[in-house]
Amino acid sequence: MSYQTVHTFGVSAYFIFMLLFLWMSMIPRTNPGAGWWAASICCTMLARLSMFFFPPIAGQPLAGPLYVLFISLEKPLLLTGLTRFLNLHIQVRWFWMASLASVLWLLAALAAGLPPFARAMGFCTVNAALLLYMGWIALKNSAGFPRWPLVLTATASFALSAHWLSGPGLIEVFPAWARNGFVLGTLLVLLQYLSLMTAVLSLFQSRLIDAESKALDLAFHDPLTGLNNQRYMKTLFDQALVLATRPHHVVAVFYIDLDNFKPINDTAGHAVGDEVLKTVAARLKSSTRSTDICARVGGDEFVVIATQLDEEAQAGEVAKKLLARLTECIPVNGKEYALGASIGVALYPQHGRNLAELVQRADKAMYQVKRNGKSGCEIFAGAAT
Ligand SMILES: Nc1nc2c(ncn2[C@@H]2O[C@H](COP(=O)(O)OP(=O)(O)OP(=O)(O)O)[C@@H](O)[C@H]2O)c(=O)[nH]1
């Protein structure tokens, strides 16, 4: 591969990568690292461009300084991008100081008239050390981030580190390595940036999926107890009715209002009240079948729908079971809290043909229990259970 071909390929590939990183940095909430990496690959591209326009083989005085300048900017930008991506609290000024030290070394070595090998060795060692550090932090902090892209970043960084470290020695022994080394370097840099790009996109994708599932969860569930919310209860009830095609099939709606819940809030605090509500929800779930529907429809109000009962009498048994579970003491932070529950029951199809009717009648039956002194259960129309 000719000198021009190597650098044309490098510059073109870096340019495309730079555009992609720029694009990623503009997508809201993609990742703060992407902008830094757009800047760092821009420096790599400019470093290559300087080699293209001022080839050192033609003895151009600008080639070396421009290359050194852009590479010295690239490494701290690259590392800063990684610290932003991984949300690390590392003082990035050390990266800049290391890069500055490598440039100062070059100037001092030039002034002292040191041979090219010695000059290059100091500069390359600093770059190799920064890349080694980059690989190490990518590996060490990959938990909670896309693992395989970061392992690839670390691998490419370690390989590039070895490449920088061995470069001056190899060029001394095999001068042709100056060109072959650029081919290898270009491929490794591309691998490193490709892995970073994959990491940004994978993280973005997993955050999107998380946000979507959280939004869905909020749309269908009560955030405190995790039970279904009122809207989703209606959907589930409609689905249950479609399945309720067996003759004599009964669906029972239980409207549950906790008794004396307010005093718990007032004396022990809202946080304890929340824990009590969560325990109530867990007890409702554990006392019903997986095909039944449990929903929180108000502060201390719940609806349970038993979807697959064979006969009316079973509804009374379920109500008693729920009452017994809910009136057991609830332990929170080492203290026990006693609750009661008033439960009204309405049956499908006897008491209503749709959920609104059934809930309204179960609610009416629940109020009858409250009027009769609380903590009990009653089927709509006054039939005692
Ligand atoms: N901790 C907590 N309390 C809530 C929440 N939502 C509503 N509440 C409270 O629940 C209480 C419900 O009021 P009531 O039903 O009158 O209380 P109660 O003492 O059970 O009254 P009875 O039903 O007549 O026995 C109110 O004090 C609300 O502030 C919540 O999410 N968390």
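Residues numbered from 1 in each chain as written. Predicted model: local features only at pLDDT ≥ 70, side-chain atom pairs only at ≥ 80, totals over all residues. Heavy atoms only, no water.

The name given to the chain in an unreviewed UniProt entry is Diguanylate cyclase, with the source organism recorded as Pseudoduganella aquatica.

Visitor: Give a description of the site of the ligand that names residues and reports values.
Guide: Taken together, the neighbourhood of the ligand is formed by 18 residues, with N260, N265, D274, R296 and K370 sitting nearest. Interatomic distance of 3.0 Å between a side-chain N/O atom of D257 and an oxygen atom of the ligand. R296 places a polar side-chain atom, nitrogen or oxygen, 2.8 Å from an oxygen atom of the ligand. For the ligand, the protein covers 68% of the area, taking 660 Å² as the surface of the free molecule. Those elements that place two or more of their residues in the shell around the ligand are β1 (250-259), α9 (262-268) and α10 (270-286). (Near = heavy atom within 4 Å. Polar contact = N/O pair within 3.5 Å; in protein donor to acceptor, adjacent residues only side chain to side chain. Areas by Shrake-Rupley, 256 points an atom, 1.4 Å probe, with all protein chains shown as cover. Helix = DSSP H or I, 4+ residues; strand = E, 2+ residues; numbered from the N terminus.)

Visitor: Summarise the pattern of salt bridges; cite the residues concerned and give the values.
Guide: Pairs can form between side chains of opposite charge once their charged atoms are near each other. By the definition in use, this model includes eight salt bridges. When the shortest N-O distance is used, the salt bridge between D266 and K262 registers 3.2 Å. Highlighted residues: D266 and K262, both in helix α9, separated by four residues, approximately one helical turn. K262 matches D266 in its accessibility class, with the two residues each being exposed. Between K278 and E275 there is a salt bridge, with its nearest N and O atoms 3.2 Å apart. Of this pair, K278 and E275 both sit in helix α10, three residues apart, which is roughly one turn of the helix. Salt bridges here are not isolated pairs; linked through shared partners, they connect D257, D259 and K370. (Salt bridge = Lys/Arg side-chain N within 4 Å of Asp/Glu carboxyl O. Buried < 20%, exposed > 50% of the residue type's maximum accessible area, 1.4 Å probe, protein only.)

Visitor: Can you break down the confidence of the model for the chain residue by residue, with the values?
Guide: A residue-level look at the chain finds 95% of positions with pLDDT of 70 or above and a mean pLDDT of 89. Model confidence for the chain, summarised as mean pLDDT per element, is weakest for strand β8 (residues 383-384) at 40 and strongest for α10 at 97. On the interface metric, ipTM, the complex scores 0.93, and its pTM is 0.67. (pLDDT = per-residue confidence, 0-100.)

Visitor: Tell me what's going on with the pairing of strand β7 (residues 376-379), and back it up with residues and numbers.
Guide: The two faces of β7 match: G376 and E378 on one face and C377 and I379 on the other face are all buried. Sheet analysis places strand β6 (residues 340-348) next to β7, joined by four bridges and oriented parallel. Across the sheet, the residue bridging to S342 is G376, located in β7. In the classification by handedness, the crossover that spans β6, the intervening helix α12 (residues 355-371) and the parallel β7 is left-handed. (Pairing = 2+ DSSP bridges. Right-handed = clockwise from strand over helix to strand, strands pointing away.)

Visitor: Talk me through the packing of aromatic side chains; I want residue IDs and the actual numbers.
Guide: All told, the structure shown has nine aromatic pairs when counted by the stated rule. Judged by centre distance (6.0 Å) and plane angle (70°), the rings of F123 and W164 are edge-to-face. Of this pair, F123 sits in helix α5 (residues 116-140) while W164 sits in helix α6 (residues 147-173), placing them 41 residues apart in sequence. Residue class for F123 comes out buried when judged on its relative accessible area of 4%. With centroids separated by 4.5 Å and ring planes inclined at 35°, the aromatic side chains of F220 and Y232 adopt a geometry described as tilted. Of this pair, F220 sits in helix α7 (residues 177-220) while Y232 sits in helix α8 (residues 230-243); the two residues are 12 residues apart in sequence, bridging distant segments of the chain. Its relative accessible area of 31% is what places F220 among the partly exposed residues. Members of the aromatic cluster, each reached through a chain of ring pairs, are F21, W37, F85, F145 and Y193. In this arrangement the basic side chain of R93 is found over the ring face of W94, its NZ or CZ atom lying 5.5 Å from the centre. (Phe/Tyr/Trp six-rings, centres within 6.5 Å; stacked < 30°, edge-to-face > 60°. Lys NZ or Arg CZ within 6 Å of the ring centre and 35° of its normal.)

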